Amino acid sequence: KSESKSKKDTPVDLVNRGVITDMSAASSIEAAVDDNGHGHSHSAGCHHPQIETRVSTVKDREDSLRKLESDLSKREIGLIEREIKLLSLQQEIDRLRPLSGLYRVVKAMATERKLESMLEVITRETASMLRCDRCSVFVLDTHHGELWTQVAQGLDGMRTIRVPLSGTSVVSLCARTGRTINIPDAYDDPRFDPEVDKSTGYRTNNILCVPMHNRSGAVIGVFEVMNKDVGTFSHEDEEWLQALAAVAAGLIEQAQAYSEIEHFVDKTVETLAQTIDKRDPLTAGHSIRVTRYSIAIGDAMAISDDEKDVLRYSAMMHDYGKIGVPESILWKNGRLTPEEYACVQTHARLTYELLSNLPFTNRLAHVPFIASCHHEKLDGTGYYRGLKGHEIPFLSRVISVSDVFDALTSVRHYRNRMNIVKVYEIMESGRDNHFDPEVVDSFYGLPCDRVMRVMESERGSQIPEEVDLFKNISWLRLVELCQGGKPKRHEEGLKELFYRVYNANLPPDYQELD
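Keep in mind it's a predicted model, so treat the numbers as computed, not measured.

A.B. asks: Any chance you could break down the overall build of the protein chain for me, citing the residues and the numbers?
C.D. replies: Looking only at helices and strands, the protein chain features 19 helices and six strands. Split into buried and exposed, the 514 residues of the protein chain put 41% on the buried side. Considering only residue pairs separated by 6 or more positions, the protein chain has 60% of its internal contacts joining residues 24 or more positions apart. Here the protein chain has roughly 28400 Å² of accessible surface; of this, 52% comes from carbon and sulfur atoms.

A.B. asks: Could you give an account of the environment of R412, naming the residues involved and the relevant values?
C.D. replies: Mapped onto the secondary structure, R412 falls in the loop between α14 (394-408) and α15 (420-429). Residues R412 and T283 lie 129 residues apart in sequence; the distance between their C-alpha atoms is 7.4 Å.

A.B. asks: Before we move on, can you summarise the pairing of strand β2 (residues 146-149) with the specific residues and values?
C.D. replies: As judged from the three bridges shared by strand β1 (residues 132-141) and β2, these two strands associate in the antiparallel manner. Bridging from a neighbouring strand, L140 pairs with L147 of β2. Counted between consecutive antiparallel strands, the loop separating β1 from β2 contains four residues, among which G145 sits at a positive phi close to 65 degrees. Across four bridges, the pairing between β2 and strand β3 (residues 161-164) is antiparallel. Its bridge partner lying in β3, E146 is registered against P164.

A.B. asks: Account for the nonpolar core, with residues named and values stated.
C.D. replies: Counting residues in hydrophobic clusters, the biggest one holds 60 residues, and the most contacted among them are F405, I420, F443, F470, W475 and F498. In terms of residue count, α14 provides more of this core than any other element does, seven residues in total. Apart from the residues within four sequence positions on either side, I420 is in contact with T409, W475, C482, F498, Y499 and Y502. Within the second largest apolar cluster, 28 residues are counted, among which are L115, I122, I220 and A255.

A.B. asks: Lay out the sheet that holds β1 in plain terms, naming residues and giving numbers.
C.D. replies: If you trace the six strands from one edge of the open sheet to the other, you get β3-β2-β1-β6-β5-β4, paired in antiparallel fashion. This sheet does not close on itself; its edge strands, each paired only once, are β3 and β4 (181-183). Strand-to-strand twist of the sheet, defined as the mean angle between neighbouring strand axes without regard to direction, takes the value 20 degrees. Across seven bridges, the pairing between strand β5 (residues 207-213) and strand β6 (residues 219-228) is antiparallel. Paired with L208 across the bridge in β6 is V225. In this fold helix α5 (residues 115-129) packs onto β1, β2 and β6, with an angle of close to 150 degrees to the strand it touches most, β1. Sitting on the sheet, helix α6 (residues 170-177) is in contact with β1, β2, β3, β4, β5 and β6, with an inclination near 35 degrees to β5.

A.B. asks: So what's going on with unusual backbone geometry? Residues and values would help.
C.D. replies: With an omega of 10 degrees, the peptide bond running from Y383 to Y384 counts as cis. Among the structural elements, Y384 can be located in the loop between α13 (367-371) and α14. Backbone geometry at R131 places phi at a positive 55 degrees, although glycine is not the residue there. Tracing the backbone through its elements, the reader meets R131 in the loop between α5 and β1. On the accessibility criterion, R131 (35% relative accessible area) is partly exposed.

A.B. asks: Can you explain the packing of aromatic side chains? Please cite residues and give values.
C.D. replies: Within the structure shown, the criterion is met by 10 aromatic pairs. Taking the centre distance of 6.1 Å and the plane angle of 70 degrees together, the rings of Y293 and F443 count as edge-to-face. Of this pair, Y293 sits in helix α9 (residues 286-300) while F443 is found in helix α16 (residues 437-444), placing the two residues 150 residues apart along the sequence. According to the relative accessible area criterion, Y293 is buried, its value standing at 1%.

A.B. asks: Which residues make up the state of the cysteines, and what values go with them?
C.D. replies: The final tally for this structure, using the stated rule, is zero disulfides. We note that C135 lacks a disulfide partner, and the nearest cysteine sulfur, in C132, lies 6.2 Å from it.

A.B. asks: Describe the pattern of salt bridges, with residues and values.
C.D. replies: Enumeration over the complete set of coordinates arrives at 22 salt bridges. Residues K228 and D237 are paired through a salt bridge, measuring 3.0 Å at the closest nitrogen-oxygen approach. Residue K228 is classed as buried on the basis of its relative accessible area of 18%. Residue R477 pairs with E480 through a salt bridge whose shortest N-O separation is 3.2 Å. Here R477 and its partner E480 are both found in helix α18 (residues 475-482), three residues apart, which amounts to about one turn of the helix. One salt-bridge network, in which partners are shared between bridges, spans D266, D306, D309, R312 and R363.

A.B. asks: Explain helix α12 (residues 338-355) to me, and be specific about the residues and the numbers.
C.D. replies: For α12, spanning 18 residues, the distance from its first C-alpha to its last is 27 Å, which sits close to the expected 26 Å at 1.5 Å a residue. If you look at α12, its biggest bend is around 30 degrees, right at R349. Contacts made by the buried residues of α12 are with α11 (327-330) and α13.

A.B. asks: Go over a nonpolar patch on the surface with me, naming the residues and quoting the values.
C.D. replies: Among the surface-exposed residues, L65, L68 and L72 lie close enough to one another that they form a single nonpolar patch of about 290 Å² accessible area. Inspection of the secondary structure puts L72 in helix α4 (residues 49-111). According to the relative accessible area criterion, L72 is partly exposed, its value standing at 42%.

A.B. asks: Got a sec to walk through the environment of D133? Specific residues and values, please.
C.D. replies: Within the secondary structure layout, D133 lies in strand β1. Judged by its relative accessible area of 41%, D133 falls in the partly exposed class. As a C-alpha pair, D133 and K228 span 95 residues in sequence and 6.4 Å in three-dimensional space. Discounting chain neighbours no more than four positions away, the residues touching D133 are Y202, M226, N227 and D229.

A.B. asks: Residues and numbers for α6, please.
C.D. replies: Residues of α6 that are buried include every one of V170, V171, S172, C174 and A175, and no others. Packing partners of the buried residues in α6 comprise β1, β2, β3, β4, β5 and β6. Of the residues trailing α6, G178 is marked for its positive phi of about 70 degrees.

Cut-off values and rules
Residues numbered from 1 in each chain as written. Predicted model: local features only at pLDDT ≥ 70, side-chain atom pairs only at ≥ 80, totals over all residues. Heavy atoms only, no water. Helix = DSSP H or I, 4+ residues; strand = E, 2+ residues; numbered from the N terminus. Buried < 20%, exposed > 50% of the residue type's maximum accessible area, 1.4 Å probe, protein only. Contact = heavy atoms within 4.5 Å. Areas by Shrake-Rupley, 256 points an atom, 1.4 Å probe, with all protein chains shown as cover. Pairing = 2+ DSSP bridges. Core = buried A, V, L, I, M, F, W, Y, C linked by side-chain atoms within 4.5 Å. Axes fitted to C-alpha atoms, helices over the stretch in contact; angles between N-to-C directions. Phe/Tyr/Trp six-rings, centres within 6.5 Å; stacked < 30°, edge-to-face > 60°. Disulfide = S-S within 2.5 Å. Salt bridge = Lys/Arg side-chain N within 4 Å of Asp/Glu carboxyl O. Expected span 1.5 Å × (residues − 1). Bend = angle between axes of the 7 residues up to and from the residue. Patch = residues over 30% accessible without salt bridge, like charges linked within 9 Å, V, L, I, M, F, W, Y side chains within 5 Å.

Interpretation in functional terms is not warranted from these geometric data alone.
Written out as structure tokens, the structure reads:
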């Protein structure tokens, strides 16, 4: 018993009891005990500093481990909370995405006047808003009994699709019934015609169609979205598309009305211009050709849509003042006298005075001034204001190049069409003094077939098929070939073909003007 009572716990016992958790510390303690009397106890109150240090170290390590464990737990909890917040935020973003898309669509529609541009914006933003592969907006053409879409997103090379209102397509059915159609599995629904996919090469998985109604309740078009990115179209998708369709219907009606008014104005202006041209059969179509050349140059110089509208009206009406020039002068078969030429020059001033009486909108307010400046020259020797350089409106400088080119390449009372090389020499001689060199260079860079199509429209007959052969060269390159330039392999025979087309069916008694 006395041995049992006096027996001290060994380091291993301490480990087993959990007093010491580090076996290396236990071994050190055991070694210390052996060194201090082979296990014999010291006198009462005697301490072992080495053992106490080791035990303290173990406790410190335990505290550190507990603190580390606590820190890691807090970090894990923090990461989990952050993930939850991010997930909630993403869910909120996903929930509000359609609202954001709806805002962008409405904003774009409100700023677009032209129907085609509006439809392009709608299709792009709606597909993004509903997270689907394709969106098409079909507009009802009641006159032809068709639904058409200007842009069918995802169909390469196809800009317009027309489907009969009486047809079997889902779009036609939606327009006839005026009801929303949601098809989760296209090939498992008898309303879907697989022949559509066969003709386009597209694979339709699911479809959502929503009709557009005008204020009187009549269907004026259909929204069609296809192939949801994930899953199928939900009831919430239906509600968002119905909201968009309700807004779009009114704006599309406005755009259609604007388009009809614009078409009416275009035809009115064109008719007015033709009344002037047709006073002389040989100049009939001049204003239209000048307009087409001018628009081609404008496209090459990347002018804005608003500028293009101003250019079109100004070019179409540039000679309107000739209504005040006697026909005896306009039809004269030969050179004009100085007095007759001075009378012709008055048409620029008359153009401005007459067009200024028309109620052009703010967007077109500069048409009278631009139209009346097409005879101004960069060096200030033009008429009727004697403007020079940048005093001449840019669009007037475009019309000036088109006007002279058409005059030189058209039949007149006193001459045949001018040889194309001579036309080029005249245009070059007017560079920097008569013509804006940037405009001239832009004209030279036009595709040759586009120039020839406008040029040959003078004949009033069908454009020769041979014109297609000139689409891969510029107008300047054709001039170089006509000047004797060596043709490349794909250019062989173009010079001869051009002159055959250019001089076809001309009166035999007409001669080129030197």
